[in-house]
Amino acid sequence: MDGRDWGKFLLPYEQALEELKVKFKTLRSELKNREEYSPIEFVTGRVKRVSSILEKAKRLQIPLEQVEQMEDIAGLRIMCQFVQDIEVVSKLIEQRQDMRVVNVKDYITNYKESGYRSYHMIVEYPVQTSLGMKRVLAEIQLRTLAMNFWATIEHSLNYKYKEKLPDEVKMRLRKAAEAAFQLDQEMSSIRQEIVDAQKMFQDRSNLVSKI
Ligand code: 0O2
């Protein structure tokens with residue numbers, strides 16, 4: 001153990017994550033009410049486990065006194081229905097006054113060797129704590145539902161095989177990533193049809209709830 005009180009160290013990250021979740025869930029409902037369609041499908045988040053922080057710090061040779069440089073201790077995930085929505089949400093994030101984008105990793109254009117696709121935005125976010133204001137880094141991952149499906153399965157397989165996936169499984173996962181990408185492409189091409197249908201469905205439910 002390194003003597004650090006990890007519980008206290010993680011407090012501002014936990015606070016940042018809770019606030020960010022509320023803000024993006026609120027943005028979702030605001031857009032649904034204002035535009036009848038939200039580019040945000042749902043939002044999740046996690047604070048990185050201490051064992052995972054230590055492992056990553058070791059791998060990236062980050063001294064523990066500088067562990068605050070790690071960009072994904074607070075991680076927010078925003079799921080979108082369509083690839084086009086990712087661009088819309090990323091623009092909304094760039095325009096916000098309550099956070100500052102400090103880095104972007106476009107794993108959609110430059111997908112990883114594993115097959116992983118997502119758009120990562122690193123933001124600096126100020127949290128008001130009892131000790132004063134503290135700026136923390138948070139990683140916002142923007143994904144389609146298909147990208148999220150793939151990443152969730154791959155993450156659990158990696159956990160099962162302790163990061164040593166057999167070549168056969170790796171190959172199948174790469175093929176599955178390609179299939180998920182094709183699905184996103186197909187869905188994108190009929191996006192307007194789907195959005196119109198969802199708006200009609202939304203209007204009907206609103207009407208029924210008013211009766
Ligand atoms: P957790 O939740 O702590 O287990 P890396 O060097 O791969 O750690 P890199 O390239 O710097 O990271 O990526 P980045 O932007 O820091 O993001 C790391 C996070 O992105 C991961 O968190 C995953 O959520 C996601 N990610 C990156 N690559 C992959 C991948 O190949 N497969 C899957 N399923 N997810 C990936 P952790 O470390 O899993 O976080």
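Computed from a prediction, not measured in an experiment: that's the story for all the values here. (Residues numbered from 1 in each chain as written. Predicted model: local features only at pLDDT ≥ 70, side-chain atom pairs only at ≥ 80, totals over all residues.)

**Some words on the site of the ligand**
At step 1: Around the ligand sit 15 residues, and of these Ser52, Ser114, Tyr116, Ala151 and His155 come closest.
At step 2: It is helix H4 (residues 145-160) that provides the largest number of residues to the shell around the ligand, a total of 3 residues.
At step 3: Classifying every residue of the shell around the ligand by side-chain character gives 2 nonpolar, 4 polar and 9 charged. (Near = placed C-beta within 6 Å. Helix = DSSP H or I, 4+ residues; strand = E, 2+ residues; numbered from the N terminus. Nonpolar A, V, L, I, M, F, W, Y, C, P; charged D, E, K, R; others polar.)

**Looking at the packing of H4 against helix H5 (residues 167-189)**
At step 1: It is at 9 Å that the axes of H4 and H5 come closest, and there the two elements cross at 165 degrees. Taken together, H4 and H5 sit at an angle that is classed as roughly antiparallel. Considering the relative orientation of H4 and H5, their crossing is right-handed. Here Ala146, Met147, Phe149, Trp150, Glu154 and Leu157 of H4 lie close against H5, whose contacting residues are Val169, Leu173, Ala176, Ala177, Ala180, Leu183 and Asp184. (Axes fitted to C-alpha atoms, helices over the stretch in contact; angles between N-to-C directions. Parallel < 35°, antiparallel > 145°, perpendicular 65-115°, else oblique. Left-handed = near helix turned anticlockwise from the far one by under 90°. Contact = placed C-beta atoms within 7 Å.)

**Focus: H5**
At step 1: With 23 residues, H5 should cover 33 Å at 1.5 Å per step; its first-to-last C-alpha distance of 33 Å lies within 8% of that length.
At step 2: Of the residues making up H5, those classed as buried are Ala177, Ala180 and Asp184. (Expected span 1.5 Å × (residues − 1). Buried ≥ 20, exposed ≤ 12 C-beta atoms within 10 Å, placed from the backbone.)

**Description of the sheet that holds strand S1 (residues 42-47)**
At step 1: With mixed pairing, 5 strands are arranged side by side in an open sheet as S1-S2-S5-S4-S3. Strands at the two margins of the open sheet, each flanked by one partner only, are S1 and strand S3 (100-106). Averaged over all adjacent pairs, the angle separating strand axes in this sheet is 25 degrees, with direction ignored.
At step 2: Of the strands in this sheet, strand S2 (74-80), S3, strand S4 (119-129) and strand S5 (132-144) touch helix H3 (residues 83-95), which is tilted by about 165 degrees from S5.
At step 3: Contacting S2 and S5, H4 crosses the sheet at an angle of about 100 degrees to S5. (Pairing = 2+ DSSP bridges.)

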